[in-house]
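# Structural characterization, general
Okay, here's what each chain looks like letter by letter:
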Amino acid sequence: MGIKVEYNPDLALRNIEEYKKGNRKKEECIPENLEENKIYEFLKIDQRNYWLDGEMPLLETKGNQELSKPKASVIILEATHFKEKDKTYTKGKYLVKEVFKNEEIRFNGFEKIN
């Protein structure tokens, strides 16, 4: 028997419309007016590990690994695993470093391109 843990090189959250429709919690979604230098909370199902030593892309997900291009560059400040009703979750906080206004390439692997 193993321990199921997923490593995520990015933070992938849902569109805020999923929260407005009542399908997702607010922390599972990208805020409507994402602001640079502001800290936000996130929530993901399952046990996930995030890189804490630098910037990573914030993506929008539709599920099933259907991901957008990076919406912003963020730093994960904290990530905590917890159980609720026999399900495992990861919650935490992230700091928005830069909001991307176009679709230029911003990352090469883990390295942010300036």
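The model shown is predicted, which means the values in this text are computed figures rather than measured ones.

Basis of the calculations
- Residues numbered from 1 in each chain as written.
- Predicted model: local features only at pLDDT ≥ 70, side-chain atom pairs only at ≥ 80, totals over all residues.
- Heavy atoms only, no water.
- Salt bridge = Lys/Arg side-chain N within 4 Å of Asp/Glu carboxyl O.
- Helix = DSSP H or I, 4+ residues; strand = E, 2+ residues; numbered from the N terminus.
- Buried < 20%, exposed > 50% of the residue type's maximum accessible area, 1.4 Å probe, protein only.
- Phe/Tyr/Trp six-rings, centres within 6.5 Å; stacked < 30°, edge-to-face > 60°.
- Lys NZ or Arg CZ within 6 Å of the ring centre and 35° of its normal.
- Pairing = 2+ DSSP bridges.
- Axes fitted to C-alpha atoms, helices over the stretch in contact; angles between N-to-C directions.
- Core = buried A, V, L, I, M, F, W, Y, C linked by side-chain atoms within 4.5 Å.
- Contact = heavy atoms within 4.5 Å.

### Digging into the pattern of salt bridges
Counted under the stated rule, the structure contains five salt bridges. Ionic pairing is found between K20 and E32, a salt bridge with its closest N-O pair at 2.9 Å. Of the two residues, K20 is situated in helix α1 (residues 17-20) and E32 in the loop between α1 and β3 (39-45); the sequence distance between them amounts to 12 residues. Residue classification places K20 among the partly exposed residues on the basis of a relative accessible area of 46%. Two residues, E28 and R24, come together in a salt bridge whose shortest N-O distance is 3.3 Å. Through salt bridges with shared partners, a single network forms among E17, K20 and E32.

### Considering the packing of aromatic side chains
This structure, assessed with the given rule, holds four aromatic pairs. A centroid spacing of 5.4 Å and a plane angle of 75 degrees characterise the contact between F42 and Y50, whose relative ring orientation is edge-to-face. The pair formed by F42 and Y50 is uniform in burial state, with each residue classed as buried. Site record: aromatic cluster; members linked through ring pairs are Y40, F42, Y50 and Y94. Taking the ring centre of F82 as reference, the NZ or CZ of K91 above it sits at 5.2 Å.

### Overview of the pairing of strand β5 (residues 56-60)
Within β5, five of the five residues are buried, which leaves the element mostly enclosed by the surrounding structure. With three bridges connecting them, strand β2 (residues 11-13) and β5 associate as parallel partners. Within the sheet, the bridge partner assigned to A12 lies in β5 and is L59. Here three bridges tie β5 to strand β6 (residues 72-84), and the two strands are oriented antiparallel to one another. Opposite M56, over in β6, you have V74 as the bridge partner.

### Let's talk about the sheet that holds β5
Spatial strand order, β2-β5-β6-β7-β3: five strands in an open sheet with mixed pairing. Of all the strands in the sheet, the pair left with one neighbour each is β2 and β3. Across the sheet, the axes of successive neighbouring strands diverge by a mean angle of 35 degrees, strand direction being ignored.

### Things to note about the nonpolar core
Ranked by internal contacts, the top residues of the largest apolar core, which has 15 residues, are L11, L34, L58, Y94 and V96. Listing elements by their share of this core, those giving two or more residues are β2, β3, β5, β6 and β7 (87-99). What L58 contacts, discounting residues up to four positions off in sequence, is L11, L13, I30, L34, K69, P70, K71, A72, V74 and Y94.

### Side note on the environment of L58
Relative to the assigned elements, L58 resides in strand β5. Take L58: its relative accessible area is 0%, and that puts it in the buried class. Each C-alpha atom of the pair L58 and R14 lies 10 Å from the other, and the pair is 44 residues apart in sequence.

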